[in-house]
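Listed below, chain by chain, are the residues.
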Amino acid sequence: MRTFVATSTLDQMRPGRRGRITAIDGDDNLVQRLMEMGLLEGEEVEVVSFAPLGDPMEVRLGDYRLSLRRVEAARVHVEPL
């Protein structure tokens with residue numbers, strides 16, 4: 001029997017929520033840059049806040065914080081924790 005695990009994208013998560021990265025869409029330079037910043041499958045990420053107009057967003061990854069545009073965060077699939 002398979003267990004269904006709900007996934008969403010990082011831009012859909014609310015501040016204070018955590019998730020584990022399950023995939024990153026695409027194969028272009030942006031995906032490469034996201035991976036170089038540490039956004040890798042299996043890593044835990046937490047949404048810290050959104051800018052007043054909703055873009056960019058701030059996320060915590062390990063011991064540091066990243067600011068990502070929502071269009072970038074939409075490529076990162078996460079499993080909520």
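Throughout what follows, the structure given in this document is the object of discussion. Keep in mind it's a predicted model, so treat the numbers as computed, not measured.

Let us look at the environment of glycine 16. In this fold, glycine 16 is placed in the loop between β1 (8–9) and β2 (18–24). Overall, the relative accessible area of 52% leaves glycine 16 in the exposed class. Separated by 50 residues in sequence, glycine 16 and leucine 66 have C-alpha atoms that sit 15 Å apart. Discounting residues that sit within four places of it in the chain, glycine 16 has contacts with Glu46 and Val47.

So, about the pattern of salt bridges. Under the defined criterion, the tally for this structure stands at seven salt bridges. Here glutamate 44 and arginine 18 are joined by a salt bridge, their closest N and O atoms 2.4 Å apart. Placement of the pair is glutamate 44 in strand β3 (residues 44–50) and arginine 18 in strand β2, with a sequence separation of 26 residues. For arginine 18, a relative accessible area of 37% puts it in the partly exposed group. The salt bridge involving glutamate 72 is made with arginine 69; its shortest N-O contact spans 3.4 Å. Given a relative accessible area of 3%, glutamate 72 falls into the buried group. Overlapping salt bridges bring together Arg18, Arg20 and Glu44 as one network.

Criteria and cut-off values
Residues numbered from 1 in each chain as written. Predicted model: local features only at pLDDT ≥ 70, side-chain atom pairs only at ≥ 80, totals over all residues. Heavy atoms only, no water. Helix = DSSP H or I, 4+ residues; strand = E, 2+ residues; numbered from the N terminus. Buried < 20%, exposed > 50% of the residue type's maximum accessible area, 1.4 Å probe, protein only. Contact = heavy atoms within 4.5 Å. Salt bridge = Lys/Arg side-chain N within 4 Å of Asp/Glu carboxyl O.

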